[in-house]
Amino acid sequence: LATCACGHIPDFSAVSTTWHSNDDDVYRAPPIDRSILPTAPRAAREPNIDRSRLPKSPPYTAFLGNLPYDVTEESIKDFFRGLNISAVRLPREPTNPERLKGFGYAEFEDIDSLFQALSLNEESLGNRRIRVDVADQAQDKGERPAEDA
């Protein structure tokens, strides 16, 4: 037990440990929707995608950016496992066909698979957080679409 400077043992039995005694005034925080917290897995959250940007008809293609240079078609298919992926294109450097350009395209069989793929934007593949976005539909030659200004 603690003693005061003069050696007496203080009596704290009459001291209240609450801020106030009226329980009706206690603040109760509203329940937390944990699916919107930044710690929630991205796949559990609705993708923040404007559905009007999605293609109205096939091909349903996603642009994949910031890919690791050692990525393979199989690792892309594994990254999108559970989705109906029909094709993967990984453009290579023309001067060095062994080297990938660091971006690619994944084509999906249906619009829902593309929509779900977009929820994986900024998820890690290898040691990189990859970008998953709707591919420019006019772009089908393996070149990077123009960045938004």
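Everything numeric here is computed off the predicted structure, so don't read it as measured data.

Describe the nonpolar core, with residues and values.
Ranked by internal contacts, the top residues of the largest apolar core, which has 25 residues, are L64, L67, I76, F80 and F108. Taken together, the elements giving at least two residues each to this core come down to β1 (60-65), α1 (73-79), β2 (85-89), β3 (104-108), α2 (111-118) and β6 (131-134). With 4 residues, α2 is the single largest residue contributor to this core. Beyond its immediate stretch of four places on either side in the chain, L67 contacts I76, L90, G102, F103, G104, L125, R128 and I130.

Can you break down the confidence of the model for the protein chain residue by residue, with the values?
The predicted model of the protein chain averages 78 in pLDDT, with 61% of residues at 70 or higher. Counted against residues more than four places away or in other chains, residues 139-149, with its pLDDT under 50, gives 17 contacts.

How would you summarise the side chain of D133 if you had to cite specific residues and measurements?
For D133, the position within the fold is in strand β6. According to the relative accessible area criterion, D133 is buried, its value standing at 16%. Reaching out from D133, the side chain makes a polar contact with the side chain of R53 at a distance of 3.0 Å. Contact partners of D133, with chain neighbours within four places excluded, come to R53, T61, A62, F63 and L118.

The rules we used
- Residues numbered from 1 in each chain as written.
- Predicted model: local features only at pLDDT ≥ 70, side-chain atom pairs only at ≥ 80, totals over all residues.
- Heavy atoms only, no water.
- Core = buried A, V, L, I, M, F, W, Y, C linked by side-chain atoms within 4.5 Å.
- Buried < 20%, exposed > 50% of the residue type's maximum accessible area, 1.4 Å probe, protein only.
- Helix = DSSP H or I, 4+ residues; strand = E, 2+ residues; numbered from the N terminus.
- Contact = heavy atoms within 4.5 Å.
- pLDDT = per-residue confidence, 0-100.
- Polar contact = N/O pair within 3.5 Å; in protein donor to acceptor, adjacent residues only side chain to side chain.

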